[in-house]
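This is what each chain is made of:
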Amino acid sequence: ELRAPPDKIAIIGAGIGGTSAAYYLRQKFGKDVKIDLFERGEVGGRLATMTVRGQEYEAGGSVIHPLNLHMKRFVKDLGLFTIQSSGGLMGVYNGETLVFEESSWFIINMIKLIWHYGFQSLRMHMWVEDILDKFMRIYRYQSHDYAFSSVEKLLHSLGGDEFLGMLNRTLLETLQKAGFSEKFLSEIVAPVMRVNYGQSMNVNGFVGAVSLSSADSGLWAVEGGNKLVCSGLLQASKSNLVSGSVMYIEEKTRTKHTGNPTKMYEVIYQIGSETRSDFYDIVLVATPLNRKMSNITFLNFDPPIEEFHQYYQHIVTTLIKGQLNSTLFSSRALDKFDLSTILTTDNSDLFINSIGIVSSVTESDNPQPLTDRGYVWKIFSQEILTKEQILKLFLSYDYAVKQPWLAYPHYKPPEKCPSIILHDRLYYLNGIECAASAMEMSAIAAHNAALLAYHRWNGHTDMIDQEDLYEKLKTEL
Ligand SMILES: Cc1cc2nc3c(=O)[nH]c(=O)nc-3n(C[C@H](O)[C@H](O)[C@H](O)COP(=O)(O)OP(=O)(O)OC[C@H]3O[C@@H](n4cnc5c(N)ncnc54)[C@H](O)[C@@H]3O)c2cc1C
Ligand SMILES: CC(C)=CCC/C(C)=C/CC/C(C)=C/CSC[C@H](N)C(=O)O
C-alpha cells in the first residue's frame, strides 16, 4: 500500500549524483512531486569542459567504463551519442627513463609485457574482472528495487567480506599478498593510480580495482561533453533548477494544507546577496559534505548531525597546445616519438602525474594537431604548473589553460564511510566516494538513495538491507 507522495523534495548539487537522483526520484514518486535541484555553480559539477582555441575538452570526469550500465542507460534514454576514448600508445617514465613502452603491434606488446613482468598483467586483469563481475550485481538488485541503508551494506551485498576487507586494506598490501612483484607494482600499478586518482598505492583496495579497470578496452565518453548527461537528466526529470548556494538545513514543524502539523526540512539558501528559504518533505545532499566543498550547516538536529572532515585530493588539470619536448622522456626526437600518453612512477622529484594527447569532445577518431604547432595535451599535476615547468615539457606552446580541483577523497584505509541516512528523511549520496569516486558510483548512490527514500516513505522495510540477495534473485528470471 502506498502513502500519498511527498509534496516537495530538495536535492543539493547538480552534478551527476544530484541530477541522476532527480531522474530516479521522478520515476519512483511520479509526476506530482515538486523537485527543486539547488546548484551554486555549473550543472555538471565535476563533469566540466575547458575550451582551447574554440574546441571543448573534458577537464574533470572524462572516461566511462563499457560496463558502467547506468551511464550507458542515461545516454540512450536522453538520445545522446558516445565517442570512443582511443588511447594511443602509452609509456611509463620514472624521472630518468621510460621503463615501459607500448608497441602498436599487439603481439609485440604481449611479448614485451611477458618479458618485463611475466604473466602478472594477465593475473591483474583477472583480479579486476573478478571484482567487476561481483560489482555488476548492483544492477540486478536495483532493477528489482532493492535499497541499502549504508555504503558498507551495499558493498557487502555485492562482494561479501571480501569487498569490506578491500576498504580496510591498502591496494599495496592486497596486491603484495596476492604475490605481485615490486617491479610490476611500481612500474604499472602505481602509474595507473597516479593518473586516475593522483595518489599512491596506499589507497584502499576497492578504489584500486576501480582504477585498474580503466585499463580495459572500450572506454567511452559522451559526444559534446559528459556534462550533457547532467543537463539532460535535469530536463528529463522535470525538476526545477535553483541557482543558489545552500547554507543551512533545519528541521521544523509546519502545518500543511491538510491541517496536520508535519516535520519538514527548511532549506536556507543564498541567491546573490539575497537569503531565501523553502520547506521540503525529503532532502538529498548530493555534494561532498565538508567545509571547503559545500559548507552546509545542519541546525538544531537532535541528535546533532556529525561534521564531515573527508579530505579531498587537490589535482590540477592543465591543457596545453604545443610541441612536446620528447627528449625529456627519451633520446628520440619528436618525429620518432610515437607515445601519446606518458604515465609516471611514484617519484617525488616529478612535477607531473601524467601527460597525454586529448581529443576534443566532438572528435570521435584519433586527435589531430590543431595546426602545425602541435596537439592538445592534458597534464595532471598535484600543483599548478609554473612557466618554467611548462617550458621544460614543451619545445614551444601557444596556449595553456588550467583547472584546479578538489577532485576525489584522499584515500586512507581503513575507510569508515559516512552514513547515507543523516536524519529521518535526509539522505547523503557522496559517502559512496569513500569506496571509490567515479561517475557510475555517483549514479549508483543516486539510484540507491531514491529507492531508499521511496521505501522509507512508504514503510517498505522488506526492500531495504535484504541479506543474501544474490542467492534470492538467482532463482528469479
Ligand atoms: C580531474 C577529474 C577527473 C576525473 N575522471 C573521471 C573519469 O575519467 N571517470 C569517472 O568515472 N570519474 C572521474 N572523476 C570522478 C567524477 O568526476 C566524480 O566522481 C563525479 O563527477 C562526482 O559527481 P557528484 O555529482 O557526486 O559530485 P559533484 O560533481 O561534485 O557535484 C556536486 C555539486 O554540488 C554543488 N554544490 C556544492 N555545495 C553546494 C551548496 N552548498 N549549494 C548548492 N550547490 C552546491 C557543486 O557546485 C557541484 O556542482 C574525475 C574527477 C576529477 C575531478
Ligand atoms: C565504477 C567502475 C566499475 C568503473 C569506473 C572505471 C573508471 C572509468 C575509472 C576512472 C576513474 C578516474 C577518477 C579517472 C580519472 S583520470 C581519467 C583519464 N585517464 C583522463 O585522462 O582524464
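Going by the structure above, here's the rest.
What this report covers is the structure whose coordinates are included nearby. As the structure is a prediction and not an experimental result, all values here were calculated from the model.

## Observations concerning the overall build of the protein
Part 1 of the argument: Each helix and strand counted, the protein has 13 helices and 21 strands in total.
Part 2 of the argument: Relative to the compact-globule value of 23 Å for 477 residues, the protein shows a C-alpha radius of gyration of 23 Å, a close match.
Part 3 of the argument: Overall, the protein is about 80 × 50 × 40 Å in size when its C-alpha atoms are taken along their principal axes.
Part 4 of the argument: Buried positions account for 54% of the 477 residues belonging to the protein.
Part 5 of the argument: Of all intrachain contacts in the protein linking residues separated by at least 6 positions in sequence, the fraction that spans at least 24 positions is 75%.

## What to know about the site of ligand 2
Part 1 of the argument: Taken together, 14 residues sit near ligand 2, with Ser 62, Val 63, Asn 196, Ser 213 and Lys 378 positioned nearest.
Part 2 of the argument: For ligand 2, whose free accessible area comes to 610 Å², the fraction covered by protein is 86%.
Part 3 of the argument: Listing elements by their share of the shell around ligand 2, those giving two or more residues are α4 (120-135), α8 (182-197), α9 (205-213) and β18 (375-381).
Part 4 of the argument: At 3 residues, α8 tops the list of elements feeding residues into the shell around ligand 2.
Part 5 of the argument: Grouping the constituent residues of the shell around ligand 2 by class yields 8 nonpolar, 5 polar and 1 charged.

## A closer look at the sheet that holds strand β20 (residues 421-423)
Part 1 of the argument: As summarised here, the arrangement of the 6 strands in space is β9-β2-β1-β13-β21-β20, forming an open sheet in which the pairing is mixed. Strands at the two margins of the open sheet, each flanked by one partner only, are β9 (240-242) and β20. Averaged over all adjacent pairs, the angle separating strand axes in this sheet is 25°, with direction ignored.

## Here we look at the site of ligand 1
Part 1 of the argument: Inspection of the region around ligand 1 gives 38 residues, with Gly 17, Glu 39, Arg 46, Val 63 and Ser 437 positioned closest.
Part 2 of the argument: For ligand 1, an oxygen atom lies 2.9 Å from a polar atom in the backbone of Met 439.
Part 3 of the argument: If ligand 1 stood free it would expose 1000 Å²; the protein chains cover 92% of that surface.
Part 4 of the argument: Every element with two or more residues in the shell around ligand 1 is listed here: α1 (16-29), β10 (245-255), β19 (394-409) and α12 (439-458).
Part 5 of the argument: Element by element, the count of residues in the shell around ligand 1 is highest for β19, at 3 residues.
Part 6 of the argument: Here the shell around ligand 1 is built from residues that sort into 17 nonpolar, 17 polar and 4 charged.

## With respect to unusual backbone geometry
Part 1 of the argument: Cis peptide bonds are those with omega within 30 degrees of zero, and the linkage from Asp 302 to Pro 303 qualifies with 0°.
Part 2 of the argument: Turning to its location among the elements, Pro 303 is positioned in the loop between β14 (297-299) and β15 (312-324).
Part 3 of the argument: Of note, the bond from Pro 413 into Pro 414 is cis; its omega dihedral lies within 30 degrees of zero at 0°.
Part 4 of the argument: Mapped onto the fold, Pro 414 is located in the loop between β19 and β20.

## Some thoughts on the nonpolar core
Part 1 of the argument: Counting residues in each nonpolar core, the largest one holds 110 residues, and the members touching the most others are Trp 127, Phe 206 and Leu 284.
Part 2 of the argument: With sequence-adjacent residues up to four places away left out, Trp 127 is seen in contact with Met 166, Leu 171, Thr 174, Leu 175, Gly 205, Ala 209 and Leu 212.
Part 3 of the argument: One finds Val 242, Val 246, Phe 301 and Leu 422 within the second-largest nonpolar core, a separate group that totals 21 residues.

## Quick word on the sheet that holds β18
Part 1 of the argument: Overall, mixed pairing links the 7 strands, which are arranged β7-β6-β16-β17-β18-β15-β19 in an open sheet. With partners counted over all chains shown, the strands left at the sheet margins are β7 (98-101) and β19, one partner each. Recorded for the sheet is a direction-independent mean angle of 20° between the axes of neighbouring strands.
Part 2 of the argument: In terms of strand pairing, strand β17 (residues 354-357) meets β18 through 4 bridges, oriented antiparallel. In the sheet register, Ile 355 faces β18, and the bridge partner there is Ile 379.

What counts, and at which threshold
Residues numbered from 1 in each chain as written. Chains lettered and ligands numbered in written order. Predicted model: local features only at pLDDT ≥ 70, side-chain atom pairs only at ≥ 80, totals over all residues. Heavy atoms only, no water. Helix = DSSP H or I, 4+ residues; strand = E, 2+ residues; numbered from the N terminus. Rg over C-alpha atoms; globule rule 2.2 N^0.38 Å. Buried < 20%, exposed > 50% of the residue type's maximum accessible area, 1.4 Å probe, protein only. Contact = heavy atoms within 4.5 Å. Near = heavy atom within 4 Å. Areas by Shrake-Rupley, 256 points an atom, 1.4 Å probe, with all protein chains shown as cover. Nonpolar A, V, L, I, M, F, W, Y, C, P; charged D, E, K, R; others polar. Pairing = 2+ DSSP bridges. Axes fitted to C-alpha atoms, helices over the stretch in contact; angles between N-to-C directions. Polar contact = N/O pair within 3.5 Å; in protein donor to acceptor, adjacent residues only side chain to side chain. Core = buried A, V, L, I, M, F, W, Y, C linked by side-chain atoms within 4.5 Å.

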